[in-house]
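Structural description and commentary
The residues making up each chain are set out below.
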There are 2 protein chains.
Amino acid sequence: MKAQKNIPLRIRRTKPVPASGAGTAVIQQITRAAHSQERAQDYVETIADLIVEHGEARAIDLAKAFGVTHVTVIRTVQRLQRDGLVNTRPYRSIFLTEAGSRLAVQAKARHRVVLEFLMALGVPEGVAKVDAEGIEHHVSPETLEAFQRVLSGA
Amino acid sequence: MKAQKNIPLRIRRTKPVPASGAGTAVIQQITRAAHSQERAQDYVETIADLIVEHGEARAIDLAKAFGVTHVTVIRTVQRLQRDGLVNTRPYRSIFLTEAGSRLAVQAKARHRVVLEFLMALGVPEGVAKVDAEGIEHHVSPETLEAFQRVLSGA
DNA sequence: TTTCATTTGTAGCCTTGACTACATAAGGTG
DNA sequence: CACCTTATGTAGTCAAGGCTACAAATGAAA
Ligand SMILES: [Mn+2]
Ligand SMILES: [Mn+2]
Ligand SMILES: [Mn+2]
Ligand SMILES: [Mn+2]
C-alpha cells in the first residue's frame, strides 16, 4: 500500500521498446510449443516401457506411473490417438503407432542422455531423475550433442 | 488396423507392478509442480527487467516480451497478485512485492547460470537462449551447483 | 480544451489436463 | 455358469492459460 502512494501514472513511450526486447517473444513461443509436446513424449515413452516390461500397456499402469487418476489417462490417450501417436479400442490395451514408436525411441534416447549427463556432473541419482524428467523436453539437438560430447569424454 | 487383428485382450495381473515402477509417480508429480510455477518465475523476472530498463513494467510490454495478447498478460498478472507476487491497480503499472522481488532475483540468477553453462558447453547462443528458457525451471539446487562448478572451472 | 491513438479492462470462448462420482465391461474364481 | 473384483468408460466440474471482440480510460498533441 504505502509503496504505491506517490507512484506516477504510466508514461507513454512513442518510441518502440529498445533492442533488448527484440526476439524474446519468439523464444517464449518456442518454449510454449515445447511444453505442449511434453505429455505426448512422456506418454509414448512410458507406453513403450510398459510394453517391453509387461507385454502390454494398460491405462491403469499409466495412471500409476504418472500419479494421476485413470480418467486423466484415458482422456490423454484419446488425445494421443487423435494425434496419431497411439491406437486403442474400448477395453483393449494401448498400442503405439509408427509415429508413436519413433517418438518414443527419440524421447527415450534423449531422456537417457540427459539423465546420464546430470549424473556424470555429480548430481545424486534421485535428484537427477527428477530434473531430467523436466529438462529433457527442452534439450535441442545442439545441446544434446554437447551433453553427449561430455559423456564420451571428448 | 491390421496390427490389431489378433491382439489378445488385456491380461489381468493379480501381482502388483514390479519394482521398476515404484517412485516414478512421485517424480512426475514433482515435475508437474515445477511446471505450475514456470509462468510466475518468468513473469517476475521479466517485470524486474522492465523496471530496470524502463523504470516501470506495463502490461503491453509483458505482452510483447512473451508474444501473447495483453488480455493474457492481464489475467496472468491478476493471478500473480492473488498469489502475493505483484501489486497493481487499474491503469497503473505493475510492481513486485517483497516476495516477488526475491523470486525474481532467484529466478534471474538461476536462468543466468543455466544460459552460461550451455554456452560454456559450446551450444550456440541463440539455441542456448531457447533451451535455457525451458530448462531453468527444472534445475534443482544440486544441479545448479554442478553447473556452477563447471563454470568456475573446478 | 478537445481529440484521438494507445493502453487497459471486460465478456465470452476454447483446449489441456486435472479431479470426483457413478456406470458398465471383462474376465478370474468358486 | 454366476459372481464379484478389477479395469475401463462417461458425465460433469474446475483452473490455467490461450484467444477475439468490444468498451473504457489515459494522456499527448492539436
Ligand atoms: Mn521422458
Ligand atoms: Mn518428461
Ligand atoms: Mn527465466
Ligand atoms: Mn523460463
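The preceding data block contains the structure.
Predicted model only: the values in this text are computed from it and were never measured.

For the rest of this paragraph, the subject is the side chain of Ser 93 of chain B. Residues and elements named next belong to chain B. Within the element layout of this structure, Ser 93 appears in the loop between strand E1 (86-87) and strand E2 (95-96). Under the relative-accessibility criterion, Ser 93 is labelled buried at 4%. Within the local environment of Ser 93, its side chain forms a polar contact with the side chain of Glu 56, the two groups lying 3.5 Å apart. What Ser 93 contacts, discounting residues up to four positions off in sequence, is Glu 56, Ala 57, Arg 58, Asn 87 and Thr 88.

Another aspect to go through is the coordination of the manganese ion (ligand 3). Residues and elements named next belong to chain B. Distances from the manganese ion (ligand 3) to its protein donors, Glu 45 (OE), His 111 (ND1), Glu 136 (OE) and Glu 136 (OE), fall at 2.2 to 2.5 Å. Site description for the manganese ion (ligand 3): donor spacing in sequence, E-x65-H-x24-E. For the pair the manganese ion (ligand 3) and the manganese ion (ligand 4), the metal-to-metal distance amounts to 3.6 Å, and Glu 136 bridges them. Of this pair, His 111 sits in helix H5 (residues 98-120) while Glu 136 is found in the loop between helix H6 (125-135) and helix H7 (141-151), placing the two residues 25 residues apart along the sequence. Accessibility assignment for this pair places His 111 and Glu 136 in one class, buried.

To continue, consider the packing of H5 of chain B against H6 of chain B. Residues and elements named next belong to chain B. Between H5 and H6, whose axes approach to 9 Å, the crossing angle comes to 140°. The angle between H5 and H6 places the two elements in the oblique class. Once H5 is placed against H6, the crossing between them reads as right-handed. Together, His 111, Val 114, Leu 115, Leu 118 and Met 119 of H5 and Glu 125, Ala 128, Lys 129, Asp 131, Ala 132, Glu 133 and Ile 135 of H6 make up the contact between the two elements. Its residues assigned to classes, the contact of H5 with H6 shows seven nonpolar, one polar and four charged.

Summed over all chains, the structure comprises five aromatic pairs over all chains. Seen from their ring centres, Phe 117 of chain A and Phe 147 of chain A are 3.8 Å apart, and the 5° between their planes marks the pair as stacked. Note that Phe 117 of chain A is positioned in helix H5 (residues 98-120) and Phe 147 of chain A in helix H7 (residues 141-151), a separation of 30 residues in sequence. Grouping aromatic residues by their ring pairs yields a cluster made of Phe 117 and Phe 147 of chain A together with Phe 117 and Phe 147 of chain B.

Turning next to unusual backbone geometry. If a residue is not glycine, its phi is most likely negative; likewise, a peptide bond is most likely trans. Residue and element names in this part refer to chain A. Its identity is not glycine, yet Tyr 91 carries a phi of approximately 65°, on the positive side. In this fold, Tyr 91 is placed in the loop between strand E1 (86-87) and strand E2 (95-96). The class for Tyr 91 is exposed, based on a relative accessible area of 71%.

All names here are of chain B. Enumeration according to the criterion identifies 14 salt bridges over all chains in this entry. Its salt-bridge partner being Arg 58, residue Asp 61 comes within 3.6 Å of it at the nearest N-O pair. For Arg 58, a relative accessible area of 10% corresponds to the buried category.

Attention now moves to the interface of chain B and chain A. Taken together, the 58 residues of chain B in the interface contact 58 residues of chain A. In this assembly, chain B packs against chain A so that about 5200 Å² is buried in total across both faces, 54% of it on carbon and sulfur atoms. Inspection of the chain B/chain A interface yields zero salt bridges. Breaking the side of chain B that touches chain A down by element, the ones donating at least two residues are helix H1 (24-35), helix H2 (38-54), helix H3 (59-66), H5, H6 and H7 of chain B.

Moving on: the coordination of the manganese ion (ligand 2). Six octahedral donors around a metal ideally make angles of 90 or 180 degrees; four tetrahedral donors ideally make 109.5 degrees. Residue and element names in this part refer to chain A. The manganese ion (ligand 2) binds to the protein through Asp 42 (OD), Glu 133 (O), Glu 133 (OE), Glu 136 (OE) and His 137 (NE2); the donor distances cover 2.0 to 2.4 Å. If you list the donors of the manganese ion (ligand 2) from N- to C-terminus, the spacing comes out as D-x90-E-x2-E-H. Separating the manganese ion (ligand 2) and the manganese ion (ligand 1) is a distance of 3.6 Å, and Glu 136 donates to both of them. Like Glu 133, the residue Glu 136 is buried in the burial classification.

This next bit is on the relation of the copies chain B and chain A. In the superposition of chain B on chain A (RMSD 0.0 Å, axial shift 0.0 Å), the rotation amounts to 180°. What we have between these two chains is a two-fold relation. Taking C-alpha positions as the reference, the residue of chain B nearest the rotation axis is Ile 135 of chain B, at 2.5 Å. Counting the interface residues of chain B, we find that 98% of their copies in chain A are interface residues as well, pointing to one common contact surface.

What follows covers H6 of chain B. Those residues of H6 of chain B lying buried are Ala 128, Val 130, Asp 131, Ala 132, Glu 133, Gly 134 and Ile 135 of chain B. Tucked inside the fold, the buried residues of H6 of chain B contact helix H1 (24-35), helix H6 (125-135) and H7 of chain A together with H2 and H5 of chain B.

Let us look at H5 of chain A. With 23 residues, H5 of chain A should reach 33 Å at 1.5 Å per residue; the first-to-last C-alpha distance of 33 Å fits that figure. When H5 of chain A is considered as a whole, its buried residues turn out to be Gly 100, Ala 104, Ala 107, Arg 110, His 111, Val 113, Val 114, Leu 115, Phe 117 and Leu 118 of chain A. Its buried side turned inward, H5 of chain A meets helix H2 (38-54), E2, H6 and H7 of chain A together with H5 and H7 of chain B. Just past H5 of chain A, the residue Gly 122 of chain A takes up positive phi, approximately 100°.

Each value, and the rule that gives it
Residues numbered from 1 in each chain as written. Chains lettered and ligands numbered in written order. Predicted model: local features only at pLDDT ≥ 70, side-chain atom pairs only at ≥ 80, totals over all residues. Heavy atoms only, no water. Helix = DSSP H or I, 4+ residues; strand = E, 2+ residues; numbered from the N terminus. Buried < 20%, exposed > 50% of the residue type's maximum accessible area, 1.4 Å probe, protein only. Polar contact = N/O pair within 3.5 Å; in protein donor to acceptor, adjacent residues only side chain to side chain. Contact = heavy atoms within 4.5 Å. Donors = N, O, S within 2.8 Å, 3.2 Å for Na, K, Ca; no water. Axes fitted to C-alpha atoms, helices over the stretch in contact; angles between N-to-C directions. Parallel < 35°, antiparallel > 145°, perpendicular 65-115°, else oblique. Left-handed = near helix turned anticlockwise from the far one by under 90°. Nonpolar A, V, L, I, M, F, W, Y, C, P; charged D, E, K, R; others polar. Phe/Tyr/Trp six-rings, centres within 6.5 Å; stacked < 30°, edge-to-face > 60°. Salt bridge = Lys/Arg side-chain N within 4 Å of Asp/Glu carboxyl O. Buried area = accessible area lost by both parts, 1.4 Å probe. Least-squares fit on C-alpha atoms with pLDDT ≥ 70 in both. Expected span 1.5 Å × (residues − 1).

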